[in-house]
Amino acid sequence: MSKRKLSRKQSWRADKIQEERINRAKKKQAGAELDSSALGTPQEGQVIACFGVNYLVENRQAVQVTCMARQNLGKIVVGDEVIWQEIDPGNGIITATQTRKSLLERPNFQGNTRPVAANIDQMVIVCSPIPALQTRLIDRYLVAVELNNIPPLIAVNKIDLLDEAAFKAIKKSLQHYETIGYQVLYFSSKTQHGMSQLESVLQNKVSVLVGQSGVGKSSTVKALLPEISIQIGEISQASQLGKHTTSASQLYHLPTGGDLIDSPGVRDFGLWHIPVSRISWGFIDFRDYLGGCKYSNCTHRNEPQCAIIQAVKASKIPEIRWKNYCEIYNTLEAQDSK
Ligand SMILES: Nc1nc2c(ncn2[C@@H]2O[C@H](COP(=O)(O)OP(=O)(O)OP(=O)(O)O)[C@@H](O)[C@H]2O)c(=O)[nH]1
Ligand SMILES: [Mg+2]
Ligand SMILES: [Zn+2]
């Protein structure tokens, strides 16, 4: 490529960037100042994705528009029902948010909470044999949803990777969750085995897929909606972990009715926003024993005559659940004392 050509291209690009900046600034001003009469009629819509300060909003006719939001509306998330008004075709501004039926939040590093998805009916905790299944992470998610009253279910993907013995071992490690009332599903988004059962529990509900990076959340969405384009990542050969492929949550409509929200994978799920004394309530199998300890302020870790520890010793509660509880408690306690 000649030098002259390159510089023309460069100057064209600089002009383009400048033009985009001016447009963006104009729109930003519009967001802050546009009086309602300059905007289209207010209409209802649902936020289906968020990209920084831009939102993808779908109106009731399933038409998608890119919106900004008026200031002071607070954080808007996927699943939010909003009122928006058109600025010009394809672009609009969110002018109000509707009351949320439910809200999934996660803590940020400053110790505050950050909303993740709104109006969800259930949380699907996706796990897999690779990256390895961690009951520690499952229990953290369960505490969060139990204290938020969002029903969870556990979905084990990639069962095509398991031989009979390995499948039995995974089933055994999750048996207790079924005993205490959680639904556990096994499927493969690759071979489609078990997908119809998953499809039926997702039907007519708004569900969010959560879990470690690389367990196959986006692959599961793709298996249910083959026509969509969605990014699927690889598993690192070295660490056997995912590579954090999905960077923003997105909502998809299921052909069978209901919505499915794909979310970015996590390394861990912090619970710093929850008071330590509430953790035991998040372990639903502990509830029958709470109140039966010798000390009313028992933390159920090492106190004498603790009803939870006794239940563990009597094999009524699996030791791993109690260990995961202690681990969460200790982490939160260490955090609180900082
Ligand atoms: N063998 C097998 N591999 C699968 C299956 N489902 C997904 N994978 C693979 O797992 C890898 C990760 O899949 P993704 O769908 O990107 O995982 P994710 O959970 O969305 O990951 P993040 O977006 O990073 O959170 C890809 O290489 C997929 O091909 C399955 O059922 N069987
Ligand atoms: Mg993904
Ligand atoms: Zn106790």
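Above this text you will find the structure in question.
Please read these numbers as outputs of a predicted model, since none were measured by experiment.

Reading the values: rules and limits
- Residues numbered from 1 in each chain as written.
- Chains lettered and ligands numbered in written order.
- Predicted model: local features only at pLDDT ≥ 70, side-chain atom pairs only at ≥ 80, totals over all residues.
- Helix = DSSP H or I, 4+ residues; strand = E, 2+ residues; numbered from the N terminus.
- Buried ≥ 20, exposed ≤ 12 C-beta atoms within 10 Å, placed from the backbone.
- Contact = placed C-beta atoms within 7 Å.
- Near = placed C-beta within 6 Å.
- Nonpolar A, V, L, I, M, F, W, Y, C, P; charged D, E, K, R; others polar.
- Axes fitted to C-alpha atoms, helices over the stretch in contact; angles between N-to-C directions.
- Parallel < 35°, antiparallel > 145°, perpendicular 65-115°, else oblique.
- Left-handed = near helix turned anticlockwise from the far one by under 90°.
- Pairing = 2+ DSSP bridges.
- Expected span 1.5 Å × (residues − 1).
- Bend = angle between axes of the 7 residues up to and from the residue.

S.K.: Would you mind going over the overall build of the chain in detail, with residue names and values included?
M.R.: When its secondary structure is counted, the chain shows 8 helices and 13 strands. Each of the 338 residues in the chain was classed as buried or not, and the buried ones make up 30%. Contacts spanning at least 24 positions in sequence make up 64% of the contacts within the chain whose residues lie at least 6 apart.

S.K.: Describe in detail the site of ligand 1, supporting the description with residues and values.
M.R.: As a structural note, the neighbourhood of ligand 1 is formed by 24 residues, with Gly216, Ser218, Ser219, Thr246 and Gly265 the closest of them. Residues that form the shell around ligand 1 fall into these classes: 5 nonpolar, 14 polar and 5 charged.

S.K.: Outline the packing of helix 2 (residues 135-146) against helix 8 (residues 319-336), supporting the account with residue identities and numerical values.
M.R.: In contact at an axis separation of 10 Å, helix 2 and helix 8 are set at 70° when each is read in the N-to-C sense. Taken as axis vectors, helix 2 and helix 8 run roughly perpendicular relative to one another. Taken as a pair, helix 2 and helix 8 cross one another with a handedness that is right-handed. Together, Thr135, Arg136, Asp139, Arg140 and Val143 of helix 2 and Ile320, Arg321, Asn324, Glu327 and Ile328 of helix 8 make up the contact between the two elements. Residues of the contact of helix 2 with helix 8, tallied by class, amount to 3 nonpolar, 2 polar and 5 charged.

S.K.: Please give an account of the pairing of strand 5 (residues 91-97) that cites residues and values.
M.R.: The sheet contact formed by strand 3 (residues 64-69) and strand 5 spans 4 bridges and is parallel. Pairing of Cys67 across the sheet is with Gly92, part of strand 5. Examined bridge by bridge, strand 4 (residues 81-88) and strand 5 share 6 bridges and lie antiparallel to one another. For Ile83, the partnering residue across the bridge sits in strand 5 and is Ala96. Here strand 4 folds back onto strand 5, and the loop between the two strands holds 2 residues, one of which, Gly90, carries a positive phi near 90°.

S.K.: Explain helix 2 residue by residue, including any values.
M.R.: With 12 residues, helix 2 ought to run about 16 Å at 1.5 Å a step, and its terminal C-alpha atoms sit 16 Å apart, in line with that. Summarising burial for helix 2: 9 of the 12 residues are buried, a large majority. Turning to helix 2, its buried residues are Leu137, Ile138, Asp139, Arg140, Tyr141, Leu142, Val143, Ala144 and Val145. Packing partners of the buried residues in helix 2 comprise strand 8 (122-127), strand 9 (152-156), strand 11 (206-210), helix 6 (276-282) and helix 8.

S.K.: Quick one: what's the story with unusual backbone geometry, residue by residue and with numbers?
M.R.: Cis geometry is found at the peptide bond from Ile130 to Pro131, where omega equals -5°. Phi at Ala62 is positive, roughly 65°, even though this residue is not glycine. Within the fold, Ala62 resides in the loop between strand 2 (54-59) and strand 3. Look at Asn72: it is not a glycine, yet its phi comes out positive at around 70°. Position of Asn72 among the secondary structure elements: in the loop between strand 3 and strand 4.

S.K.: So what about the environment of Lys222? Which residues, and what values?
M.R.: Within the secondary structure, Lys222 sits in helix 5 (residues 217-224). On the basis of neighbour counts, which here come to 19 C-beta atoms within 10 Å, the residue Lys222 falls in the partly exposed class. Sequence separation between Lys222 and Ile232 is 10 residues, and the spatial gap between their C-alpha atoms is 8.9 Å. Contacts of Lys222, omitting those with residues within four sequence positions, involve Ile228, Ile230 and Ile232.

S.K.: Describe the environment of Arg114, with residues and values.
M.R.: Inspection of the secondary structure puts Arg114 in strand 7 (residues 113-118). For Arg114, a count of 13 C-beta atoms within 10 Å corresponds to the partly exposed category. Not counting the four nearest positions on each side in its chain, Arg114 is found in contact with Glu105, Arg106 and Asn108.

S.K.: Please give an account of helix 3 (residues 164-179) that cites residues and values.
M.R.: In an α-helix, one turn spans 3.6 residues; hence positions three or four apart end up facing the same way. Helix length check: helix 3 (16 residues) gives 22 Å between terminal C-alpha atoms against 22 Å at 1.5 Å per residue, within 8%. Its maximal kink placed at Ser173, helix 3 deviates by approximately 40°. For helix 3, the tally of buried residues reaches only 1 of 16 residues, placing the bulk of the element at the surface. Of the residues trailing helix 3, Gly181 is marked for its positive phi of about 110°.

Fair warning: the whole summary comes from geometry, so function is off the table for now.
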